[in-house]
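Architecture at a glance
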2 protein chains.
Amino acid sequence: MNPDILRERQKATFDVEKLTHILDGAPEKTRRRREIQSLVLSDPDFQHEDPNFMSRSDRYDLAVKKSAQMILKLREYGIADPEEILCYKSLYRGNRHEALGLHFVMFLPTLYSQCDPQQFQKWVPLAESFQVLGTYAQTEMGHGTHLRGLETTATYDPATQEFVLNSPTVSSIKWWPGALGKTSNYAIVLAQLYTQGNCHGLHAFIVPIRDMNTHEPLPGIVVGDIGPKFGFHEVDNGFLKLENVRIPRDNMLMKYSKVEPDGSYVKPPSAKLTYSTMVFIRSMIVGESARALAKSCTIAIRYSTVRRQSEIRPGEPEPQILDYQTQQYKLFPLLAMAYAFTFVGQYMTKTYHRITADINQGDFSELPELHALSAGLKAFTTWAASTGIEVCRMSCGGHGYSCSSALPEIYVTFTPTCTYEGENTVMMLQTARYLTTVHTQLCVGVCRLVEMAAKSIQQELQRSKSQEDAWNSSAIDLVRASDAHCHYVVVKLFSAKLSEIGDTAIHSVLSTLALLYALQGIAQNSGDFLQASLLSVPQVLQVSVRIKELLSQLRPNAVALVDAFDYHDEMLKSVLGRYDGNVYENLFEWARRSPLNRTEVHESFHKYLKPLRSKL
Amino acid sequence: MNPDILRERQKATFDVEKLTHILDGAPEKTRRRREIQSLVLSDPDFQHEDPNFMSRSDRYDLAVKKSAQMILKLREYGIADPEEILCYKSLYRGNRHEALGLHFVMFLPTLYSQCDPQQFQKWVPLAESFQVLGTYAQTEMGHGTHLRGLETTATYDPATQEFVLNSPTVSSIKWWPGALGKTSNYAIVLAQLYTQGNCHGLHAFIVPIRDMNTHEPLPGIVVGDIGPKFGFHEVDNGFLKLENVRIPRDNMLMKYSKVEPDGSYVKPPSAKLTYSTMVFIRSMIVGESARALAKSCTIAIRYSTVRRQSEIRPGEPEPQILDYQTQQYKLFPLLAMAYAFTFVGQYMTKTYHRITADINQGDFSELPELHALSAGLKAFTTWAASTGIEVCRMSCGGHGYSCSSALPEIYVTFTPTCTYEGENTVMMLQTARYLTTVHTQLCVGVCRLVEMAAKSIQQELQRSKSQEDAWNSSAIDLVRASDAHCHYVVVKLFSAKLSEIGDTAIHSVLSTLALLYALQGIAQNSGDFLQASLLSVPQVLQVSVRIKELLSQLRPNAVALVDAFDYHDEMLKSVLGRYDGNVYENLFEWARRSPLNRTEVHESFHKYLKPLRSKL
């Protein structure tokens with residue numbers, strides 16, 4: 001153990017293990033989580049080459065292999081609880097994706113929730129036994145968040161009782177769905193339903209895309225990988241072009257809407273039904289924001305205690321870089337944010353489960369608010385975490401750029417959350433739409449921003465613009481109002497969490513974090529607070545002074561606070577973030593394994609550099 | 001040509017070609033630049049496979065091949081002017097790096113500037129004929145920006161008249177130098193010079209690392225690639241461990257300091273000499289900030305006129321996404337910034353050349369100010385551009401994540417500028433140190449922040465802290481003061497540039513950009529302006545309103561303003577940023593070339609997925 005990091009752990013003012021229990025929910029949950037993780041760690045099949053050193057095709061290959069292994073092992077160990085499966089997988093996957101991810105998170109859940117009883121009986125066993133490997137093909141080249149714009153068509157032909165699926169334009173080609181390119185043999189395709197000459201909007205269809213035995217694409221199907229991306233090397237995000245593909249009538253998912261054999265259409269009972277899935281996925285994403293940020297803080301803070309650089313006082317040994325105020329200012333507000341988002345994620349999941357129970361009893365009353373709030377919180381937390389990961393990476397200096405730090409991988413794996421499941425700006429505007437309807441119930445800061453946006457809309461209307469143009473011309477203000485509201489909600493939920501904590505030492509350190517999070521939000525938006533006369537100039541100055549005091553206060557607990565997240569080294573996969581702090585020797589060890597070092601002399605020397613001399 | 005983008009070009013209120021001339025410096029320069037670029041474009045050797053589809057080893061291989069080709073072609077065409085060479089190479093390279101980059105930008109210039117006449121005669125011809133391929137090995141695993149902390153030693157042995165070089169610790173291993181891993185056979189090694197029992201600080205030594213004929217590492221040399229990074233796939237950033245490596249006395253670069261045969265040390269005449277190289281490199285980096293941002297804006301703005309999505313007014317066709325206020329608010333301030341940074345870069349280069357002439361006449365008077373300012377401007381522009389590129393990328397929705405957009409590559413290639421050639425926070429503090437000495441000469445806004453930082457230092461001193469601790473405890477305020485000063489300087493230089501522009505239409509649109517840049521800076525720091533009573537609350541509100549007006553004003557000229565940067569499609573390498581706007585068909589075309597599509601069925605199906613079924 002590096003002596004610097006050892007000393008950090010001795011300085012902690014609270015019991016790390018107890019805080020871990022709080023983060024997990026209970027001591028029993030911590031114990032069970034570690035038990036499951038130890039299954040992975042003690043497993044010889046878990047040893048794989050570092051994907052950083054592999055080609056994309058080999059990385060995809062390894063991901064498929066791991067997915068298949070995981071399925072078998074989870075059955076072997078009898079792990080079936082969704083939370084426990086997630087725990088097992090998250091260690092197995094590290095910072096990367098599962099090749100069959102979409103099968104589990106989209107394909108199967110859609111079957112569960114949208115099949116009618118006959119369909120359930122037919123498709124679920126096939127999917128659960130992996131005869132059918134599926135994905136969810138919604139996004140097209142030309143449309144993502146704006147679902148009504150999707151162009152794929154499913155036209156009912158009563159003569160054969162089939163739907164005919166088509167991609168009528170280039171922009172209608174399905175684009176981006178994970179596991180679509182090479183892995184899946186089925187897709188749930190979202191298409192505009194046409195029957196009896198009318199369009200009834202988007203519906204879901206089960207479409208076979210590859211032969212069950214040979215895995216070759218079926219007639220009328222043009223399918224493949226969309227090529228390399230920013231990260232996601234493990235995933236075969238794919239394209240799918242449909243050319244007069246015929247599927248039986250009962251391949252339309254018919255739990256809610258139906259098409260009768262004669263082609264007549266039966267409407268679904270409520271449009272709000274799809275809300276709850278969205279809320280669930282967004283609460284998962286908020287949790288992911290917390291985890292990605294917590295991992296990044298763990299790496300950057302541990303490394304900052306091991307790295308010694310430059311000087312504060314002449315003649316003394318080089319200080320740990322975490323002793324620089326600027327470094328604390330980069331990292332501690334993010335650490336506070338990681339805790340804040342963890343509690344927000346927990347709250348959202350809990351609320352989702354509570355509301356789901358209400359919905360099952362026919363009570364939809366709380367859904368619109370949660371739906372609107374979840375949109376904003378998804379955007380708010382993913383933007384902040386995405387930016388925060390990069391701050392963590394850059395706070396590690398040059399080594400933060402090396403894949404050995406894991407920070408590049410964490411960033412590229414996480415940043416797509418800003419776009420998928422609803423583009424963030426659009427999400428913020430959804431929340432704003434809700435806020436403008438309820439703005440008298442809001443906190444005064446937020447309320448003022450909503451009023452400002454409302455005033456801007458009024459002014460634009462007076463310039464004889466339409467309601468819609470006025471909305472667009474005030475969109476910047478609306479996004480700011482949503483942002484402030486989300487910030488307020490996060491602070492409120494963090495405070496609420498504090499009241500649940502009995503342990504005095506932990507309560508104290510978490511209170512410091514909560515205060516830092518709140519004050520940093522004020523400092524960054526001090527203009528808004530001054531404009532609203534919520535704070536005076538001396539008070540704003542006081543906020544800056546207080547932030548610096550909080551940084552010093554947190555300094556001795558920094559390592560303990562990231563240790564409490566309890567990310568095993570095998571999960572972080574980061575040389576800089578190692579628990580033992582032995583960074584440099586392991587950095588050298590890692591580098592020597594680079595594929596470019598397999599030979600002393602790269603072939604390019606013989607091919608280009610040596611001949612160059614003779615040509616000059 | 002896509003009709004949407006064609007219509008955009010017809011809306012422009014100014015002559016794009018004339019603005020290009022201003023950006024290039026003169027019509028003649030534009031002509032010559034295009035002439036050189038056409039040499040690349042018409043060259044059949046220029047056709048290479050897309051590196052996005054290649055393994056890292058193959059990408060490195062291709063980069064070496066291209067470097068060798070470029071050397072031969074530049075000789076063939078007789079292109080020798082440094083600016084023209086850069087122009088040729090920048091098209092040849094695209095958004096990527098040159099394998100032999102360090103040889104040209106660091107190794108050769110160091111030889112030119114630090115060899116004594118005998119050394120010059122020996123080494124320069126070897127390096128210019130590429131018998132010697134060199135790099136510049138300064139950074140170590142344990143130290144980057146803080147040069148005094150470097151640990152590599154060069155100990156003079158008068159008995160043999162040799163220096164003995166050693167890497168005494170793991171953290172002293174040279175780490176990160178480009179082209180060190182596999183390409184170079186020589187390195188200029190920066191090491192602490194020991195002679196006659198005394199250490200004389202960092203000096204530069206020419207060290208052979210690989211055999212000139214076989215390219216095998218020489219005895220005592222442990223050299224290799226440091227492994228994959230965030231981008232930089234083309235570059236073999238390397239490590240170098242020196243184990244009692246002996247080099248002749250005259251391999252120390254001796255233009256300024258010397259070690260005599262008996263081991264006595266002769267000091268250099270001025271420490272300021274190294275300043276001017278740093279200023280030059282930083283001015284290059286500021287230019288690079290402008291270019292990276294200009295490319296990103298070109299891609300995002302062109303795509304935003306081709307992409308139609310969602311609705312503003314019901315029933316109407318989907319609007320171009322650039323018509324959304326939120327999209328304009330993301331992109332137009334960045335476009336303004338790209339112009340601002342272009343002019344700042346031009347100013348710095350010009351000033352560098354002017355001051356160099358002074359220095360050659362022994363006048364160092366302006367150097368300290370320029371040196372201090374260049375540090376801050378390097379940090380200010382790279383941070384802003386780095387963040388800005390990501391905003392551009394995310395403004396393209398899902399497709400911004402695809403490598404086909406080129407935005408991921410532009411980001412990972414550019415973001416290291418925040419760390420190399422001086423870590424940004426350290427750079428900001430260097431500028432702050434200068435500002436605190438001259439603060440009465442500053443503009444009032446900046447001045448107030450410097451005073452605030454100074455006050456904080458005073459308060460910390462009163463708490464009986466040492467001067468050094470007080471500095472550290474005020475570092476956040478100091479960075480903010482530097483940041484404000486840099487912002488002020490950029491606004492000032494942009495305004496100064498406007499006064500040089502005669503064309504009314506161009507003057508008008510550039511004035512709008514300059515105003516947007518300035519006001520956006522105020523809006524983002526409105527708290528500071530309110531605190532300093534520089535602006536009142538109604539004035540701050542007026543700023544927000546004015547920004548929205550400027551966005552609308554710029555809208556019709558957006559595409560023309562990015563067209564004026566004149567980045568050829570072959571330089572952008574971006575499907576989204578194509579000049580003709582034909583995005584979707586080319587996205588499909590690009591994706592089909594993905595290596596994962598070489599076979600219809602990936603081998604992982606047979607290896608893992610098919611067997612999985614039988615095991616369940």
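Treat the numbers as computed from the prediction; the structure is a model and nothing was measured.

1. A few points about the overall build of chain A
- Within chain A, the secondary structure is distributed over 22 helices and eleven strands.
- Across its three principal axes, chain A shows a C-alpha extent of roughly 90 × 75 × 65 Å.
- Looking at the 616 residues of chain A, the share that counts as buried comes to 59%.
- Intrachain contacts of chain A at a sequence separation of at least 6 include 72% that bridge at least 24 residues.
- Summing over all exposed atoms, chain A offers an accessible surface of approximately 23300 Å²; the carbon and sulfur share of this is 54%.
- Between the mean site of the 63 positive side-chain charges and the mean site of the 65 negative ones, chain A shows a separation of 3 Å.

2. Regarding the sheet that holds strand β4 (residues 174-175) of chain A
- Strand order in the open sheet formed by three strands is β4-β8-β7 (chain A), with antiparallel pairing between adjacent strands. Edge positions in the open sheet fall to β4 and β7 (221-225) of chain A, since each of these has one partner strand only.
- The strands touched by helix α21 (residues 583-592) of chain B within the sheet are β4, β7 and β8 (238-242) of chain A, with β8(A) carrying the most contacts at an inclination of about 115 degrees.

3. A word on the domain arrangement of chain A
All names here are of chain A.
- The domain boundaries assigned to chain A delineate domain 1 (1-42 + 272-598) and domain 2 (133-268).
- Using only C-alpha atoms to locate each centre, domain 1 and domain 2 end up separated by 37 Å.
- Taken residue by residue, the interface counts twelve residues in domain 1 and six residues in domain 2.
- Taken together, domain 1 and domain 2 are joined by zero salt bridges.
- Put simply, the parts of the chain that give the side of domain 1 that touches domain 2 at least two residues each are α11 (407-414) and α12 (424-438).
- In terms of residues, the side of domain 1 that touches domain 2 owes the most to one element, α11, which gives four residues.
- When the residues that make up the side of domain 1 that touches domain 2 are grouped by side-chain class, the tally is seven nonpolar, three polar and two charged.

4. Comments concerning the nonpolar core
- By size, the foremost hydrophobic cluster in this structure holds 244 residues, and its most contacted members are A:Tyr339 and B:Tyr339.
- Apart from the residues within four sequence positions on either side, B:Tyr339 is in contact with B:Leu19, B:Leu23, B:Phe494, B:Leu510, B:Leu513, B:Leu561, B:Ala564 and B:Phe565.

5. Observations concerning the sheet that holds strand β4 (residues 174-175) of chain B
- Strand order across the open sheet formed by three strands is β4-β8-β7 (chain B), with antiparallel pairing between neighbours. With partners counted over all chains shown, the strands left at the sheet margins are β4 and β7 (221-225) of chain B, one partner each.
- Here helix α21 (residues 583-592) of chain A sits on the sheet in contact with β4, β7 and β8 (238-242) of chain B, set at roughly 115 degrees to β8(B).

6. Observations concerning the pattern of salt bridges
- For the structure shown, the criterion picks out 88 salt bridges over all chains.
- A:Arg246 is paired through a salt bridge with A:Glu162; the nearest N and O atoms lie 2.8 Å apart. Of the two residues, A:Arg246 sits in strand β9 (residues 245-248) while A:Glu162 sits in strand β3 (residues 162-166), which places them 84 residues apart along the sequence.
- Between B:Arg308 and B:Asp4 there is a salt bridge, and its shortest N-O distance comes to 2.9 Å.

7. Side note on the environment of B:Asn251
Residues and elements named next belong to chain B.
- You can see Asn251 is positioned in the loop between β9 (245-248) and β10 (258-259).
- Assessed through its relative accessible area of 3%, Asn251 is described here as buried.
- Spatially, the C-alpha atom of Asn251 lies 60 Å from that of Thr13, the residues being 238 residues apart in sequence.
- Sequence-distant contacts of Asn251, defined by excluding residues within four places in its chain, comprise Gln119, Trp123, Ala204, Phe205, Ile206 and Pro208.

8. As for a nonpolar patch on the surface
- Taken together, the side chains of A:Met1, A:Leu6 and A:Tyr579 present a nonpolar region at the surface, about 280 Å² in accessible area.
- With respect to the helices, strands and loops of the structure, A:Leu6 is situated in helix α1 (residues 3-11).

9. Let's talk about the UniProt feature "active site" (unreviewed entry) in chain A
Residues and elements named next belong to chain A.
- If you check UniProt for "active site" (unreviewed entry), the listed places come out as Glu421 in our numbering.
- Examined against the element boundaries, Glu421 turns out to sit in the loop between α11 and α12.
- Apart from the residues lying within four places of it in its own chain, the contact partners of Glu421 are Ile281, Arg282, Ile285, Lys378 and Met427.

10. Considerations on the interface of chain B and chain A
- In this assembly, 134 residues from chain B lie in contact with 134 residues from chain A.
- Summed over both partners, the interface of chain B with chain A buries about 11200 Å², with 61% contributed by carbon and sulfur atoms.
- When residues of chain B are sorted by the area they lose upon contact with chain A, B:Phe230, B:Tyr401 and B:Arg613 head the list and together hold 7% of the total.
- A salt bridge links B:Arg313 to A:Asp469; the nearest nitrogen and oxygen atoms lie 3.0 Å apart.
- Along the contact surface separating chain B from chain A lie 69 residue pairs in polar contact (both at pLDDT 80 or more).
- Split by residue class, the side of chain B that touches chain A holds 57 nonpolar, 43 polar and 34 charged.

11. Section: the relation of the copies chain B and chain A
- Between chain B and chain A, the superposition needs a rotation of 180 degrees and an axial shift of 0.0 Å, giving an RMSD of 0.0 Å. Here the symmetry operator amounts to a two-fold rotation axis. Ranked by how close their C-alpha atoms come to the rotation axis, the residues of chain B are headed by B:Gly527, at 1.8 Å.
- In this assembly the copies share their binding face: 100% of the residues contributing to the interface of chain B also contribute to that of chain A.

12. Thoughts on the packing of aromatic side chains
- Per the counting criterion, the structure on display carries 43 aromatic pairs over all chains.
- A ring pair is formed by A:Tyr411 and B:Phe230, whose centres lie 6.4 Å apart and whose planes are at 85 degrees; its orientation type is edge-to-face. Separated into two different chains, A:Tyr411 in helix α11 and B:Phe230 in the loop between β7 and β8 make up a pair that spans both. Across the pair, exposure class does not vary: A:Tyr411 and B:Phe230 are buried alike.
- An aromatic cluster of at least three residues, connected via ring pairs, comprises A:Tyr339, A:Phe343, A:Phe494, A:Phe565 and A:Tyr567.
- Across from the ring centre of A:Tyr579, 3.6 Å away, lies the NZ or CZ of A:Arg9, which sits over that ring.

13. Describing the UniProt feature "domain: Acyl-CoA oxidase C-alpha1" (unreviewed entry) in chain A
- Here the UniProt-annotated "domain: Acyl-CoA oxidase C-alpha1" (unreviewed entry) positions come out as residues 275-435 of chain A.
- In this annotation, residues 275-435 of chain A is assigned 73% helix and 0% strand; the end-to-end C-alpha distance for the span is 18 Å.

14. Here we look at the pairing of strand β2 (residues 153-157) of chain B
Residues and elements named next belong to chain B.
- For β2, a buried count of four out of five residues is recorded, marking the element as mostly surrounded by other parts of the structure.
- Relative to strand β3 (residues 162-166), β2 runs antiparallel, the two sharing five bridges. The partner of Asp157 across the bridge, within β3, is Glu162.
- What sits between the antiparallel neighbours β2 and β3 is a turn of four residues, in which Gln161 has the positive phi angle 55 degrees.
- Sheet topology places β2 next to strand β5 (residues 186-195); three bridges connect them, and they run parallel. What sits directly across from Ala154, in β5, is Leu193.

The rules we used
Residues numbered from 1 in each chain as written. Chains lettered and ligands numbered in written order. Predicted model: local features only at pLDDT ≥ 70, side-chain atom pairs only at ≥ 80, totals over all residues. Heavy atoms only, no water. Helix = DSSP H or I, 4+ residues; strand = E, 2+ residues; numbered from the N terminus. Buried < 20%, exposed > 50% of the residue type's maximum accessible area, 1.4 Å probe, protein only. Contact = heavy atoms within 4.5 Å. Areas by Shrake-Rupley, 256 points an atom, 1.4 Å probe, with all protein chains shown as cover. Lys, Arg positive; Asp, Glu negative; His and termini not counted. Charge placed at Lys NZ, Arg CZ, Asp CG, Glu CD. Pairing = 2+ DSSP bridges. Axes fitted to C-alpha atoms, helices over the stretch in contact; angles between N-to-C directions. Domains from an automatic or database assignment. Salt bridge = Lys/Arg side-chain N within 4 Å of Asp/Glu carboxyl O. Nonpolar A, V, L, I, M, F, W, Y, C, P; charged D, E, K, R; others polar. Core = buried A, V, L, I, M, F, W, Y, C linked by side-chain atoms within 4.5 Å. Patch = residues over 30% accessible without salt bridge, like charges linked within 9 Å, V, L, I, M, F, W, Y side chains within 5 Å. UniProt positions renumbered as here; feature names shortened; annotations may be inferred. Buried area = accessible area lost by both parts, 1.4 Å probe. Polar contact = N/O pair within 3.5 Å; in protein donor to acceptor, adjacent residues only side chain to side chain. Least-squares fit on C-alpha atoms with pLDDT ≥ 70 in both. Phe/Tyr/Trp six-rings, centres within 6.5 Å; stacked < 30°, edge-to-face > 60°. Lys NZ or Arg CZ within 6 Å of the ring centre and 35° of its normal.

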